[in-house]
Amino acid sequence: MINSIITRSTARLLAGCAGAAVLGSAVLAQDAGPARVDQGVDIAPFCGTDPIRVALVDGWGGDTWRKITFAELQDEAAACPNVTVEDHTDAGGDQQTYNAAINGYATQGYEIILAFTDFGDAAIPAYRMSNGNGTTMVPYFNQLAGRPGFDYAVNPYQDSFAIGEQYAEWLGTALEGEGNVLMLGGPAGATSSAVFLKGFKEGLAAHPGLTLLDENFIATNWNPADAQKAAAGLIAKYGDTIDGIASDYGVTTLATVKAFEQAGMAVPAQATIATSNELNCKYTEAVAANEGWKYLALDGSTADIRFALRQALAAHNGIEIDEPLGVVPYIYADSTTDTMPKCSDTAPPDADLSSLLPEEKLQALFAQ
C-alpha cells in the first residue's frame, strides 16, 4: 500500500531541495520516493577511513523512545571501524541548552553532529553556525525550511505528508469507504501536525465516502491528559458518529482509546504512529477478548537516526548516496490483515518494540 501513495507526495516535498548541489553535500537521486525505515542501505560504503566522532543532541531526550534511538545510532555506527559515537546531550526541553550543546561540539571539532529537530526552524541559526570547518551538521526528523549546504549539511526527515496519505488509504479500506473521520495532532499550530493533515486531506480526496468532521487537526499537545480531554470533547460533540481517528503520536491514540472506553463507547478505527508497549498490549488484550478495534500502527521511527547517520557520513566524506532524505515507517500492526504488534510484560510501558535493534540489545537497554 505504502509504495502506491508516497511517490507523488515526496516529489512535492523534495522539490524545494532539487538543484541545491553543494560541495561536500550528500547527493540524492531527485526522482526517488521516501525510503521505508526497515529497508535502508548498507552503511559500509559511506564510512570513509579517517576517524570520525559523532555526537547526538536531543532537545528533550529523557523517554524510552530517545534512549532506544541513541542505541540504534550506536548500533549503526558499529559497522564503521573508524566511527565512534562519543557523546549525547539531553537539553531537557531548553533551547538555549540545546543550542549551546551544538556549539560546544562544533568548538571541540566533532566531525558529525546529529540533532533531533525538537525546536524546528527556530534552531536553524545554531545549525548554520556549527556547519562547516570540518563539522557536518545534520538536523533530522522534521523537514526544515533552511538551505542544505549552508544552514546545515543535509536534513533527513520523516515524510509526514506520505504518512497522512497512508492513513486515509487505510481508513478507506478499514471503513469500507464510508464514515466520519478526524485528525488529532500536537499543539495548535504545530508544523509537523499540519503536514500530516495536508497529506491526510489529499488521501481522503480519493475516498469521497469519508467525511472529515473538522478541517483542522484537534490539538492535544502530545500530552496524555490533554489528549484524553480533547477526545472527551469530541465524544460530547459528535457522539457515536465518529468512525475513525488518525493521530500523529501513539500517546495521543492511547489516551483516545481510554476516553472512549471510559465513556462506555466502542473505540473507532485508530490510525497512528510511534506507538508504545502499553498501547499495543492494550490492543492485543482487547483482540484476545474479542473487543479489538480497527487499528493501524506505523512504526520503526527510532531507526530514522540510522538514515541520518548514513546521510551525515556521505556528506562529510563527499560520497554520493542514492538513498532518499524522506523516510516512512513500516506497518507494525494492521487489523485489516491480522498483523499483530508485540506486547512485552517486562519492557517499560513507553517502550517502542518496533525498533530495529537486535532483541538482546533491546532487552539489555531496558535492564539498565
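So, here is what we can say about the structure in this document. All values reported here derive from a predicted model rather than from experimental measurement. (Residues numbered from 1 in each chain as written. Predicted model: local features only at pLDDT ≥ 70, side-chain atom pairs only at ≥ 80, totals over all residues. Heavy atoms only, no water.)

A look at the packing of helix H8 (residues 250-262) against helix H9 (residues 277-288)
Piece 1. At a closest axis distance of 9 Å, the pairing of H8 and H9 adopts a crossing angle of 40 degrees. Of the possible angle classes, the one that applies to H8 and H9 is oblique. The handedness of the crossing between H8 and H9 comes out as left-handed. Taken together, the residues of H9 that come into contact with H8 (itself represented by Gly250, Thr253, Leu254, Val257, Lys258 and Glu261) are Glu278, Leu279 and Lys282. (Axes fitted to C-alpha atoms, helices over the stretch in contact; angles between N-to-C directions. Helix = DSSP H or I, 4+ residues; strand = E, 2+ residues; numbered from the N terminus. Parallel < 35°, antiparallel > 145°, perpendicular 65-115°, else oblique. Left-handed = near helix turned anticlockwise from the far one by under 90°. Contact = heavy atoms within 4.5 Å.)

So, the packing of aromatic side chains
Two descriptors summarise a pair of aromatic rings, namely the distance from one centre to the other and the angle between the planes of the rings.
Piece 1. With the rule as written, the count across this model stands at 13 aromatic pairs.
Piece 2. Aromatic side chains Tyr140 and Phe141 sit 6.4 Å apart centroid to centroid with 85 degrees between the ring planes, which places their arrangement in the edge-to-face category. With respect to class, Tyr140 is no different from Phe141; both count as buried.
Piece 3. Following the ring pairs from residue to residue traces out a cluster consisting of Trp65, Phe116, Tyr140 and Phe141.
Piece 4. Taking NZ or CZ as reference, Arg66 lies 4.0 Å from the ring centre of Phe116, over its face. (Phe/Tyr/Trp six-rings, centres within 6.5 Å; stacked < 30°, edge-to-face > 60°. Buried < 20%, exposed > 50% of the residue type's maximum accessible area, 1.4 Å probe, protein only. Lys NZ or Arg CZ within 6 Å of the ring centre and 35° of its normal.)

As for unusual backbone geometry
Piece 1. In this model, Asn290 sits at a positive phi of 60 degrees, which is unusual for a non-glycine residue.
Piece 2. Relative to the helices and strands, Asn290 resides in the loop between H9 and strand E12 (295-299).
Piece 3. The phi torsion at Asp338 lies on the positive side, around 60 degrees, for a residue other than glycine.
Piece 4. Tracing the sequence through the fold places Asp338 in the loop between strand E14 (330-334) and helix H11 (359-367).
Piece 5. You can call Asp338 exposed: its relative accessible area is 66%.

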